[in-house]
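Structural description and commentary
Chain by chain, the residues:
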Amino acid sequence: MPSIQLLSEETINQIAAGEVIENPACVIKELVENSLDAGATKITVEISEGGLKLIRVIDNGSGMEAEDARLSLQRHATSKMRHFKDLFKLTTMGFRGEALAAIGAVSKLTLTTSVTKVGIKIEMEGGTLKSERAAGRARGTTVEVSQLFYNVPARKKFQKSAAALSAEIFRLVTQLALGSPSVHFELITNGRKSLSIPPSLSLHQCAEMLIGAEFATHCFSIDFKEGGLELAGLLGSPQIARPNRLGQYLFLNGRAIYCATLNFAIRDAYGTRLDDKRHPVYLLHLQLPTDLVDVNVHPQKREVRLRDERLIKQRVQEAIASAFNASAPPAKSVSFERPDFSFSALPFSLREEPSFSMELPFQQDETRILGLFVSYLLVEGASVSSQYDGLLLVDLRLVRFRLIYDQLMQSSSNKEKQGLLLPFTIDCTPVEAAMMLTHLDAIESLGFIIRPAGKELFLIEALPPFLQMEDVKPLLGELSQLLQEFIGKSDIEERRRSALALATARFAKNRQSFNVEEARELMRALRTSSDPAHSPQGHPTMVHLSRDELQKLFSN
Ligand code: ADP
Ligand code: MG
């Protein structure tokens, strides 16, 4: 027996499939892109158990003749690429001719398709043909994928929970819908219609539904055409910029892409209207002649490279700048004036991640309060620690931020809650609603009592005591953004908790003034906090003004 053997076709297919098909969302992406390529105007996606039990994609596209249907399930069968050079053209979504074969290799797949009234139904199991028969069906195609990864246990084992998978699919379908606003998309999750985006919606209405009301009210449109380049869509105004890139939807020739050059170009065009850590929200459709675009042919990546990069970048920036000038009132750039003299912060290093082993500044029992101005407390330095002669100036807003963050980080589930006599409802976008439902426990553990009260409606029955009612909507929006970032990351419990606690506790800073009794109480509590000298974001809670510095200030 020779020790080297050729792999069977089946094994080769399964190995190849494993590279392309990582999870249910990948399957849906490929199937929906096929439907779009086939010219469908209505696409329905059905899933159950996060897509692991069943995925069904139904379209009213061109359908396939029997012979094509058989071919479509074989590897490297595609109607979309005739020559190698076509690989570099991004006119249709798919171009590799292996998606259907790959999906078929790792599931039980049924393809029903028809060009006229009578079509064909083909059943496959783990890549082998099981049956084939004529089937009645209106023009279009249905692909049913059941028991995904049933024959690849290793893949199956590493799938996330059904809820997390559903949330991911939700986001994907949202993205696909924003990419093709003229197509009617429907998503049905476990038998319930969870998303329906009729084609009659304008891009603006679509954006309102899927990206959110805040974006829809604070955006302006852009519509630019020059020399083969078209840029159209909606730009969020700087005031709604976000701490992450999740609100950025960029489509190139109809397809969601990632392109670092373009992202930077857009960010740049906002210029000083945004401060460093914020990212603009936008929904942009860019059309470019296909010969200017290089598709990275890696099966998964949606990364593209541009030819004539400099020119395209420049055009995009011009387009955005002129849209700004046309529709936006001149945005003030924010600059923070530093005082002429510098207080030195407490001698701890500024850090993003607060350290929990930091030496406490408090050595004395009672802090001597000398004065209070709005949220600023003047304290005798030596009454905190012998190393601080002179004065300490404490920002009570940041102290409160620190204390509330610490509270929220404690694992006990019975956080202080403020029950409401009159519960109120908030409505969310479908994506926000999906995130809230998936992570209701985590959100409630911050001190909320929330009851789902309709498709995208939630009843708030209690809130953390430091929040105002008007904080709730923006906070929940932000939490759902954060939660989306954590989808698909492993080993996240602790980081997620900290991110949620941070976003929530930040609202504690909204309190602008305090009385002396409250100040005393806060200073007392600060003694035992995890890092009294810093806010959870690493900013100093107090600055030290030594005797020397005081003397210098008055130059004597
Ligand atoms: P690719 O999309 O890269 O060509 P696929 O494996 O995804 O490869 O599909 C193979 C072929 O099957 C496609 O080129 C297309 O001709 C046909 N096909 C797949 N899905 C559909 C559909 N929903 N409607 C019509 N034709 C389809
Ligand atoms: Mg395809």
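Being a predicted model, the structure only gives us computed values, none of them experimental. (Residues numbered from 1 in each chain as written. Chains lettered and ligands numbered in written order. Predicted model: local features only at pLDDT ≥ 70, side-chain atom pairs only at ≥ 80, totals over all residues. Heavy atoms only, no water.)

Turning our attention to the overall build of the chain. Regarding its fold elements, the chain presents 17 helices and 23 strands. Relative to its 556 residues, the chain shows a buried fraction of 49%. Element-wise, carbon and sulfur atoms account for 52% of the exposed surface of the chain, whose accessible area totals about 27,600 Å². (Helix = DSSP H or I, 4+ residues; strand = E, 2+ residues; numbered from the N terminus. Buried < 20%, exposed > 50% of the residue type's maximum accessible area, 1.4 Å probe, protein only. Areas by Shrake-Rupley, 256 points an atom, 1.4 Å probe, with all protein chains shown as cover.)

Turning next to the sheet that holds strand 6 (residues 140–146). Here we have eight strands laid out as an open sheet, ordered 5-4-3-6-2-1-7-8, and mixed in their pairing. Each edge of the open sheet is held by one strand with a lone partner, namely strand 5 (128–136) and strand 8 (192–197). Direction aside, neighbouring strands of the sheet carry axes that sit 10° apart on average. (Pairing = 2+ DSSP bridges. Axes fitted to C-alpha atoms, helices over the stretch in contact; angles between N-to-C directions.)

Parts of the prediction with low pLDDT should not have their coordinates interpreted in detail. In this model, the chain carries a mean pLDDT of 82, and residues with pLDDT of at least 70 account for 82%. Residue range residues 82–95 is modelled with pLDDT below 50. Its contacts to residues more than four positions away, or to other chains, number 31 contacts. Throughout residues 328–359 the model reports pLDDT below 50, and contacts reaching past four residues in sequence, or to other chains, amount to 45 contacts. (pLDDT = per-residue confidence, 0-100. Contact = heavy atoms within 4.5 Å.)

On to the packing of aromatic side chains. Following the criterion strictly, the structure yields two aromatic pairs and no others. For the ring pair Tyr 270 and Phe 324, a centre distance of 5.0 Å and an interplane angle of 90° mean the geometry is edge-to-face. Of this pair, Tyr 270 sits in helix 9 (residues 260–270) while Phe 324 sits in helix 10 (residues 309–327), and the two are 54 residues apart along the sequence. In this structure Phe 324 comes out as buried when scored by relative accessible area, which is 2%. Each residue in the set Phe 220, Tyr 270 and Phe 324 is aromatic and connected to the rest through ring pairs, giving one cluster. If you follow Lys 108 out to its NZ or CZ, it ends over the ring of Tyr 150, 4.9 Å from the centre. Seen from the ring of Phe 324, Arg 273 lies directly overhead, with NZ or CZ sitting 3.9 Å from the centre. (Phe/Tyr/Trp six-rings, centres within 6.5 Å; stacked < 30°, edge-to-face > 60°. Lys NZ or Arg CZ within 6 Å of the ring centre and 35° of its normal.)

So, about the pairing of strand 11 (residues 248–252). For strand 11, the buried fraction is high: five of the five residues fall into the buried class. Neither face of strand 11 is open: one carries Gln 248, Leu 250 and Leu 252, the other Tyr 249 and Phe 251, and all of them are buried. Strand direction decides the pairing type here: strand 11 and strand 13 (residues 282–287), joined by five bridges, are parallel. Among the inter-strand pairings, Leu 252 is bridged to a residue of strand 13, identified as Leu 286. Two strands pair when backbone bridges link them, and strand 11 and strand 12 (residues 255–256) are joined in this way by two bridges, in the antiparallel orientation. Residue Leu 252 lies in a different strand from strand 12, and its bridge partner there is Arg 255. Between the antiparallel neighbours strand 11 and strand 12 lie two residues, among them Asn 253 with a positive phi of about 45°.

Turning to the sheet that holds strand 11, a few remarks are in order. Here five strands make up an open sheet; going across it, the order is 9-10-13-11-12 and the pairing mixed. Edge positions in the sheet fall to strand 9 (219–226) and strand 12, since each has one partner strand and no second. Lying over the sheet, helix 6 (residues 162–179) contacts strand 11, strand 12 and strand 13, oriented at roughly 50° with respect to strand 11. Taken strand by strand, helix 9 contacts strand 10 (229–236), strand 11 and strand 13, and its axis lies near 125° from that of strand 13.

On to the nonpolar core, then. What tends to happen in soluble globular proteins is that the nonpolar side chains get buried as a cluster. Judged by nonpolar contacts, the single largest core of 58 residues is most densely connected at Leu 31, Val 32, Ile 43, Val 145, Phe 185, Phe 215 and Leu 283. At eight residues, the largest contribution of residues to this core is made by helix 6. If you look at the next biggest cluster of nonpolar residues, it comprises 38 residues, including Phe 401, Phe 448, Ile 460 and Leu 475. (Core = buried A, V, L, I, M, F, W, Y, C linked by side-chain atoms within 4.5 Å.)

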